[in-house]
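# Chain and residue survey
The primary structure of each chain is shown beneath.
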Amino acid sequence: MAGARGAAAAAASAGSSTSSGTPPPQEPGLGELLEEFSRTQYRAKDCSGTAGSRVERIEKRCLELFGRDYCYSVIQNVNGDICGHYPQHIVFLEYESSDKEKDTFQSTVQVSKLQDLVNRSKMARCRGRFVCPVILFKGKHICRSATLAGWGELYGRTGYNYIFSGGADDAWADAEDITEEDCALRSSDTHLFDKVRGYDIKLLRYLSVKYICDLMVENKKVKFGMNVTSSEKVDKAQRYADFTLLSIPYPGCEFFKEYKDRDYMAEGLIFNWKQDYVDAPLSIPEFLTCSLNIDWSQYQSWDLVQQTQNYLKLLLSIINSDDDSGLLVHCISGWDRTPLFISLLRLSLWADGLIHTSLKPAEVLYLTVAYDWFLFGHMLVDRLSKGEEIFFFCFNFLKHIISEEFSSLKTQRRKSLPARDSGFTLEDICMLRRKDRGSTTSLGSDFSLVMESSPGAAGSFTYEAIELVPAGAHTQAAWRKSHSSSPQSVLWNRPQPSEDRLPSHQGLIEAKSSSSSSSNHSDNFFRIGSSPLEVPKTRLAALSERETRLQEVRSAFLAAYSSTVGLRAVAPSPSGAIGGLLEQFVRGVGLRGTSSSTL
């Protein structure tokens, strides 16, 4: 696909002629955002000069978009004082609100205390990327972070703090927190881990987080023969035993080089689980899997599409559960796999009309690109140079989650129905048929599936109490106050007609996914060829609101991406499907003749 970037430039600067079709609406500044994103990695301390003014505009826009639907407080991170690759203004969503309520906003948190806790807890996480709430759903905080820091990084950073704080040990702690016992055990590894991980646990509890989903394929990250990171699942002292731990290994950004090399086709792309460094098994408490109808024992045979779909279903089922607990998602550094799933969660809930309810498709796209990816430090420049295009995969993947089986509204409908003594209705059976579709056959691999609850505490440790009321209590109360406690009466939606009942159309070729799980998500659009930036052609069957919204986000992303970043060249495809795909896309969506300044 040599010349793809040239095609994008030509499309952006072409004349006034346009093809039929309406171009997807673009959020003002989205083109500037993608250009800045593809030019340099965001660092909070570098926000000065011309680049700083662009970042300031991006952050200001994010705050404005969050403020449309939420009242929030801000954790200040000016010049990266807390974390060098977190936003300068970290948003702490408190509760949903109307414009009228914003005038009488009263914070439910002690921001100074929260900021102090964040400063203490950051030592526990790799690169200081502490647990940070980014989505508020039904009063629950969905959070992101890096994994736990190992002893190498922990001692390295404590030594750095000691030197640059004028010789004051524990620069991250106040003097009054250092007890006689602290002094006696200062040289103890166990004590140091107890202290920093104790603050991390306090922050998790303050945010009412109960579920921790670890995407690492390793138990510990090893470099040069040394453990540089750890994780909750292998904490020897069982400090995180009170949390529900899920080990859901997902390929790192390096794997997405194969995705690009296969002409951006994720169907049929299976990770090699037999590599030496892969030692984290899939481990999910059984009570979280029984309602999903997924054969988790086959996870090593899933392709990238099916694996991403099933993990997203798991995360959605957790946040839709009846309890009031929050969720933490993390990988190693928290800036590749983590934003992938955070972004998919945000867009999926938005498509159901459950969060960011006032935002249009172009606006929620801007928010998730800017906040979830750019301002939290995703290294797009580096990833593009290596062909590790996990960022593009995220938004192109939206076509695989348009089905109602990913809808959180489906869960709410089921909960709102009156209890029945026995039997199923016809609608139930139809829904089950759709849900049951897509079992796969194992390719055969040596592994044992671990299905267990959180381990009991094998040891105990102590840390001083902190005077903070859990934020979850306030957010849950605020959510309940603004929502009726009585369930609404909602009818089941009848499933759309099956694909084989639709009329055939000459010259239209339907793109089918090689994975059985994704086949019923890709069949909502007829396609010519199989290129990733191809123009979706709507079927005769009416699209659901969810499908329409997600497809608009995907189309807006592809339009902006094609005119700024573009797909990187790979070896010529025998089918020639990739060659000229950018030109094909901009013609199809009506971008021909538009100016890049409008993006």
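Our subject is the structure that appears above.
Residues numbered from 1 in each chain as written. Predicted model: local features only at pLDDT ≥ 70, side-chain atom pairs only at ≥ 80, totals over all residues. Heavy atoms only, no water.

### Remarks on the overall build of the protein
- On a plain count of helices and strands, the protein comes out with 20 helices and twelve strands.
- Within the protein, the fraction of its 599 residues that count as buried is 55%.
- Long-range contacts, defined as pairs at least 24 residues apart, comprise 79% of the intrachain contacts of the protein with a sequence gap of at least 6.
- Working note: accessible area of the protein is about 25200 Å², and carbon and sulfur atoms make up 52% of it. (Helix = DSSP H or I, 4+ residues; strand = E, 2+ residues; numbered from the N terminus. Buried < 20%, exposed > 50% of the residue type's maximum accessible area, 1.4 Å probe, protein only. Contact = heavy atoms within 4.5 Å. Areas by Shrake-Rupley, 256 points an atom, 1.4 Å probe, with all protein chains shown as cover.)

### So, the pairing of strand β9 (residues 326-330)
- Among the five residues of β9, five are classified as buried, and the element is accordingly described as predominantly covered.
- Side chains G326, L328 and H330 of β9 all project onto a buried face; the interleaved residues L327 and V329 project onto the opposite face, where all are buried too.
- In the sheet, strand β4 (residues 140-145) pairs with β9 via four bridges, with the strands oriented parallel. Across the sheet, residue C143 finds its bridge partner in β9, namely L328.
- Pairing geometry for strand β5 (residues 209-214) and β9, over five bridges, is parallel. Note that in β9 the partner of D214 across the bridge is H330. (Pairing = 2+ DSSP bridges.)

### Let's talk about the environment of L30
- When you line up the elements, L30 lands in helix α2 (residues 30-39).
- Between the alpha carbons of L30 and L365 there is a distance of 8.7 Å; along the sequence they are 335 residues apart.

### Regarding helix α19 (residues 545-564)
- With 20 residues, α19 should cover 28 Å at 1.5 Å per step; its first-to-last C-alpha distance of 29 Å lies within 8% of that length.
- Of all 20 residues in α19, 17 are buried; the element is thus mostly enclosed.
- One or two positions beyond α19, positive phi appears at G566, with a value near 75°. (Expected span 1.5 Å × (residues − 1).)

### Description of the pairing of strand β3 (residues 132-137)
- Counting buried residues in β3 gives six out of six residues, a clear majority hidden from the surface.
- Two elements, β3 and β4, share five bridges in a ladder whose sense is antiparallel. Note on β4: the bridge partner recorded for P133 is C143.
- Where β3 folds back on β4, the antiparallel hairpin that results is connected by two residues, among which K138 adopts a positive phi of roughly 55°.

### Quick word on the side chain of T308
- Tracing the backbone through its elements, the reader meets T308 in helix α10 (residues 304-319).
- Sequence-distant contacts of T308, that is, excluding residues within four places in its chain, are made with Y250, F341, L344, F393 and F397.

### With respect to helix α11 (residues 337-351)
- The end-to-end C-alpha distance of α11 is 21 Å, a good match for the 21 Å that 15 residues give at a rise of 1.5 Å each.
- The element α11 is extensively covered by neighbouring structure, given that 15 of its 15 residues are classed as buried.

### Some thoughts on unusual backbone geometry
- Even without being glycine, Y264 reaches a positive phi, approximately 60°.
- Inspection of the secondary structure puts Y264 in the loop between α9 (256-261) and α10.
- Overall, the relative accessible area of 2% leaves Y264 in the buried class.
- Located in the positive-phi region is N293, a residue other than glycine, with phi close to 55°.
- The topology assignment puts N293 in the loop between α9 and α10.

### Concerning the environment of K360
- Its place among the elements puts K360 in the loop between α11 and α12 (361-374).
- Put simply, K360 and E552 are 192 residues apart on the chain and 9.5 Å apart in space, counted from C-alpha to C-alpha.

### With respect to the packing of aromatic side chains
- Scanning the model with the defined rule gives 32 aromatic pairs in all.
- Directly above the aromatic system of W350 lies the positively charged group of R549, at a separation of 4.0 Å from the ring centroid. (Phe/Tyr/Trp six-rings, centres within 6.5 Å; stacked < 30°, edge-to-face > 60°. Lys NZ or Arg CZ within 6 Å of the ring centre and 35° of its normal.)

### Details of the packing of α10 against α11
- Relative to each other, α10 and α11 sit at 65°, their axes nearing to 11 Å. Pair α10 / α11 crosses with right-handed handedness. Of α11, the residues touching α10 (which contributes T308, Y311, L312, L315, L316 and I319) are F341, L344, L345, S348 and L349. (Axes fitted to C-alpha atoms, helices over the stretch in contact; angles between N-to-C directions. Left-handed = near helix turned anticlockwise from the far one by under 90°.)

### Brief notes about the sheet that holds β3
- If you walk across this open sheet you meet the five strands as β3-β4-β9-β5-β8, and the pairing is mixed. A single partner strand is all that each edge strand has here, and the edge strands are β3 and β8 (244-247). Neighbouring strand axes in the sheet, compared pairwise and without regard to direction, differ in orientation by 20° on average.
- Strand contacts of α10: β3, β4, β5, β8 and β9, with the helix running at about 155° to β9, the strand carrying the most contacts.
- Against the sheet, α11 makes contact with β3, β4 and β9, and its axis sits at roughly 155° relative to β4, the strand it touches most.

### Some thoughts on the side chain of E363
- Note that E363 resides in helix α12.
- The exposure class assigned to E363 is buried, which follows from its relative accessible area of 9%.
- Here R68 takes part through its side chain, which lies 3.0 Å from a polar atom of the side chain of E363.
- At a separation of 2.9 Å, a polar atom in the side chain of E363 contacts the main-chain amide nitrogen of K360. (Polar contact = N/O pair within 3.5 Å; in protein donor to acceptor, adjacent residues only side chain to side chain.)

### Remarks on the pattern of salt bridges
- Under the defined criterion, the tally for this structure stands at 25 salt bridges.
- Residue E363 pairs with R68 through a salt bridge whose shortest N-O separation is 3.0 Å. Of the two residues, E363 sits in helix α12 while R68 sits in the loop between α3 (49-67) and β1 (70-76), which places them 295 residues apart along the sequence.
- In this structure R68 comes out as partly exposed when scored by relative accessible area, which is 27%.
- Across the pair D214 and K233 runs a salt bridge whose closest N-O atoms are separated by 2.4 Å. A residue pair is termed long-range when its members are at least 10 positions apart, and D214 in strand β5 and K233 in the loop between β7 (226-227) and β8 qualify at 19 residues.
- Taken together, the shared-partner salt bridges in this structure form one network comprising R61, E64, R68 and E363. (Salt bridge = Lys/Arg side-chain N within 4 Å of Asp/Glu carboxyl O.)

### A few points about the packing of α11 against α19
- Where α11 meets α19, the closest approach of the two axes is 9 Å, and the angle between their N-to-C directions is 135°. With respect to each other, α11 and α19 are oriented oblique. Considering how the two elements wind past one another, α11 and α19 form a crossing that is right-handed. For the pair formed by α11 and α19, the contact residues are L347, S348, W350 and A351 on the first element and R546, R549, L550 and V553 on the second.
- In terms of residue class, the contact of α11 with α19 is made up of five nonpolar, one polar and two charged. (Parallel < 35°, antiparallel > 145°, perpendicular 65-115°, else oblique. Nonpolar A, V, L, I, M, F, W, Y, C, P; charged D, E, K, R; others polar.)

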